Amino acid sequence: MATRRRKTPPGDPRPAKPARGPDVPPEKPARGRDVSPDKPARSPDVPPDKPARSRKLQLEFVSEAEEILERMRDDLSTLAEASASGREAAPAVVNQLFRSAHSLKGLSGMFEMAPLAELAHHLEDVLDRFRLGRSTLGKQGLVLLDESVALATASLEKVGREEPDPSLSEAIADLVGRIAAWSTEPAAAAAAPAPGVPEHLLRALTEYEESRLRESLRRGRGLALIDVEFPIASFEESLGQLNRALHDLGEVISTLPSSAASQEAGIRFELLVASELAPAALAERLGLDAAAVRSATTPAPPVETATAPADAAHPSEADAGTLKSLSNTVRVDIRKLDELLNLVGELARERSALGALAEQLARQPETARAAADLDKIRRTLDRKAQALQAGVLDVRMVPLRQVFDKLARVVRRLRIDLGKDVELQIQGADTELDKLIVEDLVDPLVHLVRNAFDHAIEPAAERRAAGKTERGVIRLEASQRGNDVAVSVTDDGRGIDPEAVRRRAVERGVIAKDDVLTRKELFALLFGAGFSTRDEVSATSGRGVGLDVVRENVSALGGIVDVDSTLGEGTRVTLTLPITLAIVQALLVTAGGQRFAIPLGGVRETLAVGPGELQQSAGRELLNLRGDALPVCRLVEAFALAPVDATQKQFAVVLGIGDVRVALLVDGLDGQQDAVIKPVQGPVPNVRGVAGATELGDGSTLLVLDVSALVEDSTRRRETR
Amino acid sequence: MSTAGFERWDRLARAAATAREGGDEAPRVELLQIEVAGAPYALPIERVREIVRLRPITPMPRVPELVLGVISLRGEVVQVLELARRLGAGGRAPAPGSRIVVLHGEEGPVVGLLVDAVTEVLRLPEDELREPHGDAADCVRAICRRGSRFVSVLDPDSVIQRVAA
């Protein structure tokens, strides 16, 4: 459960506070670890009486329903992929969808969510008919299912936030109407009798099994009957093993207990299996006696199967194992992890206090020995604390797959809506990032993908004329690079014309006519405020959100956006992000008599700089670093700090994000430390260039520099201000 | 239970206790009296989270002058305002008795106010609070008389509001 309840420890007079105060805008809503990121839960600000309890129940309902819907979304994706490539929908997936709809119906009914229950009821109905082969889903069915899940998610979100929205109930009613209208249309494939299957077998099958049988025959698979006997004590396990072995070889259509004579304490089964393998080959692969497997399309001795109960094997039981393994995760409110990290941070301070004590004891001969022991313990404690910290951080990490799956759905939707043939290729979905970053990455990535789909990929005719394949390609790639993760969206569309960007920028007064900008600098202008090279706004990508918002969002995460494009060949937008925001290795520096922390992920190198090593060029101060001219940012100037003696030696901290580098000039370097970055609370919490603050082991508070903001401000001075 | 919920109940309980003790007296208010630039002020006590001793304040760049900087409070980083400057008295060197009064974040941001001293907790009937004079600072909500002195009761929200602007 992702609620914000918290206990005040006894003896702690101050009321409990969440680690992130509620005043930090925009506050991250409480979220379970594997909950889809678009459904925030809200703090139940109610007294601890009945309303609170029912509110708690309600949140529990929301979280459970979210889980179901998430699973349905995944299954729908799988179905859509299968349908797009002309493959048969995997029966296990259809069954799971059916069961999900069924659970959702039950759950919504229990919590008196009538519209949702009604919707789920219709979904269940449609899925049941599809599962039984009584109707086909087709494109329209998939779209309706997609829409239903999206709508159910939206209405849950409202429940979670306690913002009842009658328009959603109306939308659900409307959708239910459309589903009903669609599902009463005559089914495409009328049930035809299965040819060549013995009558007595057909009689023993449930409707679902029969439809599977028909489908298998239609696909040209053979039918085999496997006759096995197991001891009663262990038959469940043995049958399970057999089912698993068969999973790769074919499909078990029905498992029929057999009444044929068996040994004492034994139980016999007949498994009706559809497979592309001949009975003999099946027997060999399963390690069974050849006589135990025979073809079912030739008449079999009638008595054994005819008496089998019709509902002997319901599909839901066959997959019970899968459902079980799904629940092997724990959902945790991410703020609980923040709290844990806080504690780990405090542990670090105790550690240094222990160190100080050990030193003190070591000075006196009579306690020197104890001091050595104490120091040993401190070091062990150190190691364990570090492992603990790494463990907590690891728990926060989630694979980007969550976001990529969402993007795949977006592309699928766009394909239908826009009728454009675009393929989405995905690479590196296992790359892990901090949960909070992953969530905030959804919007920028959706925007980039929509943009590529809508604007970058040309219509088929234009592509053909340009000698490209008609099918456009969008590639999503993620990879870890040291302390950063790079996520890129690449398309093979029309590309960006740097000259067009330049003309537009001059028109808008963003740059002067004779400004010299590199290609990359020109492309970067696209992400400035209100800059668009297309005037018309299409429904797809024009939701009032421009590329400038992408940059802002990414920048808020301490990341940076980088564009590269070749006219006529395509565009690649790369987002470079830190792996986590929670805790970082930091370089401590001093400037103007104050200490600051710089996340080490943004630091490339440090070097001492003599006064003569800086150059002036066109009003910019530059540092020549092995032939490269880096823009210089003096921290003392940027932060209006009291300058120290100018004749002193200075140090350059080379900051880099992606392949953009800047030399930050500071007065001194002061070593490295782990830093838990905290948001600043107060009337002026957000200051450009400051990512937050951190408390060091010695109790002092240091500001943590926002590397991406400093790098941007030093490299993009020409942008709109 | 959420903090807001806790407080609501806490307040209710206190109100009930007051009613029992005071019978039919006017409702009482509780104020924390502080000293700023030689004058007495007061803050509604329910908005006060804690009072901490003066500690090193880390300056912040690019903020209005009256934001002195930040301090750490058990894992939280909180900005500290110079209340004297906010009340138009100009900056003052912190004295040994200086305290930081930390306000709750429920209705506004969590924030620390640097004051010269914390004097006492006042409990007085609500009807002793008077309209402030016209020339009082903008964030003074009411005044009350304590012996020969007039105490200005501050409205925490307006103390904070003007800062960001």
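The rules behind each value
- Position labels on residues start from 1 in each chain and follow its written sequence.
- Chains and ligands are labelled by the order in which they are written, letters from A for the one and numbers from 1 for the other.
- Given that this is a predicted model, residues contribute local features only at a pLDDT of at least 70 and side-chain atom pairs are listed and counted only at 80 or more, while totals for whole chains, interfaces and linings are drawn from all residues.
- Where helices and strands are cited, they refer to DSSP runs of H or I of at least four residues and of E of at least two residues respectively, numbered from the N terminus.
- Each residue is classed by its C-beta neighbour count within 10 Å, where at least 20 other C-beta atoms makes it buried, 12 or fewer makes it exposed, and intermediate counts make it partly exposed; the C-beta atoms are placed from backbone geometry.
- By the convention adopted here, residues make contact when the C-beta atoms placed from their backbones lie within 7 Å.
- For two strands to count as paired, DSSP must find a minimum of two bridges between them.
- Working convention: axes come from line fits to C-alpha atoms, limited for helices to the stretch in contact. Angles between N-to-C directions cover 0 to 180 degrees.
- What pLDDT expresses is the predictor's confidence in each residue, scored from 0 to 100.
- Arc definition: directions from the helix axis to the C-beta atoms.
- Buried Ala, Val, Leu, Ile, Met, Phe, Trp, Tyr and Cys residues whose C-beta atoms connect them within 7 Å together make up a nonpolar core.
- Roughly parallel covers angles under 35 degrees, roughly antiparallel covers those over 145, roughly perpendicular covers 65 to 115, and oblique covers all other angles.
- A crossing counts as left-handed when the near helix is turned anticlockwise from the far one by less than a right angle, and as right-handed when that turn is clockwise.
- Three classes are used, and their members are as follows: Ala, Val, Leu, Ile, Met, Phe, Trp, Tyr, Cys and Pro are nonpolar, Asp, Glu, Lys and Arg are charged, and the others, Gly among them, are polar.

### Let's talk about the overall build of chain B
Check the secondary structure of chain B and you find three helices and 10 strands. In chain B, the order of α-helices and β-strands from amino to carboxyl end is α-β-β-β-β-β-α-β-β-β-β-β-α. Sorting the 165 residues of chain B into buried and exposed places 36% on the buried side. Taking all contacts inside chain B whose residues are at least 6 apart in sequence as the whole, residues at least 24 apart take part in 52%.

### Digging into the overall build of chain A
A count of helical and extended segments in chain A gives 22 helices and 23 strands. In chain A, which comprises 721 residues, the share counted as buried stands at 37%. Considering only contacts within chain A whose residues lie at least 6 apart along the sequence, 70% involve residues at least 24 apart.

### What to know about the sheet that holds strand 16 (residues 620-625) of chain A
Remark on secondary structure: sheet strands pair via backbone hydrogen bonds, oriented parallel or antiparallel. Residue and element names in this part refer to chain A. The strand order across the open sheet built from six strands is 14-18-19-17-16-15, with neighbouring strands paired in mixed fashion. Each end of this open sheet is capped by a strand with a single partner; those strands are strand 14 (603-609) and strand 15 (614-617). When strand polarity is set aside, the average angle formed by the axes of neighbouring strands in this sheet is 35 degrees. Across seven bridges, strand 18 (residues 650-657) lies against strand 19 (residues 660-666) in antiparallel orientation. Note that in strand 19 the partner of Leu655 across the bridge is Val662. Packed onto the sheet, helix 22 (residues 707-715) meets strand 17 (628-634), strand 18 and strand 19 and runs at close to 100 degrees relative to strand 19.

### Regarding the pairing of strand 9 (residues 484-491) of chain A
Working note: regular strand, side chains alternate between the two faces of the sheet. Residue and element names in this part refer to chain A. In terms of burial, strand 9 is largely enclosed, as six of its eight residues are buried. As defined by bridge partners, strand 8 (residues 472-481) adjoins strand 9 across eight bridges and the pair is classed as antiparallel. The partner of Gln480 across the bridge, within strand 9, is Val485. Bridge count for strand 9 against strand 11 (residues 570-578) is eight bridges, and the pairing is antiparallel. Residue Val487 lies in a different strand from strand 11, and its bridge partner there is Leu575.

### Some points on the confidence of the model for chain B
Per-residue confidence for chain B gives a mean pLDDT of 83; residues scoring 70 or more make up 81%. Reported confidences for the modelled complex are a pTM of 0.49 and an ipTM of 0.83.

### Re the environment of Gly222 of chain A
Within the fold, Gly222 of chain A resides in strand 1 (residues 222-231). In sequence terms Gly222 of chain A and Gly250 of chain A are 28 residues apart; their C-alpha atoms lie 9.6 Å from each other.

### Concerning helix 20 (residues 547-556) of chain A
Residues and elements named next belong to chain A. Considered for burial, the residues of helix 20 that qualify are Leu547, Val550, Arg551, Asn553 and Val554. Axial view of helix 20: buried residues confined to an arc of 165 degrees, hence all on one face. Looking at the buried positions of helix 20, the neighbouring elements they touch are helix 16 (435-456), strand 10 (560-566) and strand 11.

### Considering the nonpolar core
Residue and element names in this part refer to chain A. Judged by nonpolar contacts, the single largest core of 135 residues is most densely connected at Val449, Ile598, Leu664 and Val704. Element by element, the count of residues in this core is highest for helix 16, at 11 residues. Apart from residues lying up to four places away in sequence, Leu664 is in contact with Cys633, Leu635, Ala652, Val653, Leu655 and Leu710. Counting 34 residues, the second largest nonpolar core, distinct from the first, contains Val62, Leu69, Ala80 and Val94.

### Looking at the environment of Leu151 of chain A
All names here are of chain A. Secondary-structure assignment places Leu151 in helix 4 (residues 138-161). On the neighbour-count criterion, Leu151 (19 C-beta atoms within 10 Å) is partly exposed. Along the sequence, Leu151 and Leu175 sit 24 residues apart, while their C-alpha atoms lie 8.9 Å from each other. Discounting residues that sit within four places of it in the chain, Leu151 has contacts with Ala171, Ile172 and Leu175.

### Examining the packing of helix 4 of chain A against helix 5 (residues 166-183) of chain A
Residues and elements named next belong to chain A. Look at helix 4 against helix 5: their axes get within 10 Å of each other, and the N-to-C directions meet at 160 degrees. Accordingly, the angle class assigned to the pair helix 4 and helix 5 is roughly antiparallel. Every pair of crossing elements has a handedness; the one defined by helix 4 and helix 5 is left-handed. Across from Gln140, Gly141, Leu144, Glu147, Ser148, Leu151, Ala154, Ser155 and Lys158 in helix 4, the residues of helix 5 making contact are Leu168, Ala171, Ile172, Leu175, Arg178, Ile179 and Trp182. Here the contact of helix 4 with helix 5 is composed, by residue class, of nine nonpolar, four polar and three charged.

### Observations concerning the confidence of the model for chain A
All names here are of chain A. On average, residues of chain A score 75 in pLDDT, and 79% of them are at 70 or above. Across residues 187-194 the pLDDT falls below 50, and counting only partners more than four positions away or on other chains, this stretch makes 11 contacts in the model. Taken together, the stretch residues 298-327 has pLDDT below 50 and engages in 38 contacts with residues farther than four places along the chain or on a different chain.

### Quick word on the packing of helix 3 (residues 114-131) of chain A against helix 4 of chain A
Helix-helix packing is characterised by the crossing angle of the two axes and by the distance between the axes. Residue and element names in this part refer to chain A. Where helix 3 meets helix 4, the axes come as close as 11 Å, and the angle between the chain directions of the two elements is 155 degrees. Accordingly, the angle class assigned to the pair helix 3 and helix 4 is roughly antiparallel. The crossing of helix 3 and helix 4 is left-handed. Of the residues in helix 4, those in contact with Leu116, Leu119, Leu123 and Val126 of helix 3 are Gly141, Leu145, Ser148, Ala152 and Ser155. Considered class by class, the residues forming the contact of helix 3 with helix 4 number six nonpolar, three polar and no charged.

### Thoughts on the pairing of strand 10 of chain A
All names here are of chain A. As judged from the seven bridges shared by strand 10 and strand 11, these two strands associate in the antiparallel manner. Residue pairing in the sheet places Val561 in a bridge with Leu575 of strand 11. Linking strand 10 back to strand 11 in an antiparallel pair, the connection comprises three residues, with Gly568 at a positive phi of about 85 degrees.

### A few points about unusual backbone geometry
With a phi close to 45 degrees, Arg626 of chain A is a non-glycine residue in the positive phi region. Position of Arg626 of chain A among the secondary structure elements: in the loop between strand 16 and strand 17. Judged by the 4 C-beta atoms lying within 10 Å of it, Arg626 of chain A falls in the exposed class. Unlike most non-glycine residues, Ala37 of chain B shows phi in positive territory, near 50 degrees.

### Notes on the sheet that holds strand 23 (residues 701-705) of chain A
Residue and element names in this part refer to chain A. On the basis of which strands lie adjacent, the open sheet formed by five strands has the order 20-12-13-23-22 and mixed pairing. Here the strands that pair on one side only, and so sit at the sheet edges, are strand 20 (668-676) and strand 22 (690-695). Averaged over all pairs of adjacent strands, the angle between strand axes in this sheet comes to 35 degrees, irrespective of strand direction. Looking at chain direction, strand 12 (residues 583-591) and strand 20 are connected through seven bridges and run antiparallel. Each bridged residue has a counterpart across the sheet, and for Ile583 the counterpart in strand 20 is Val676.

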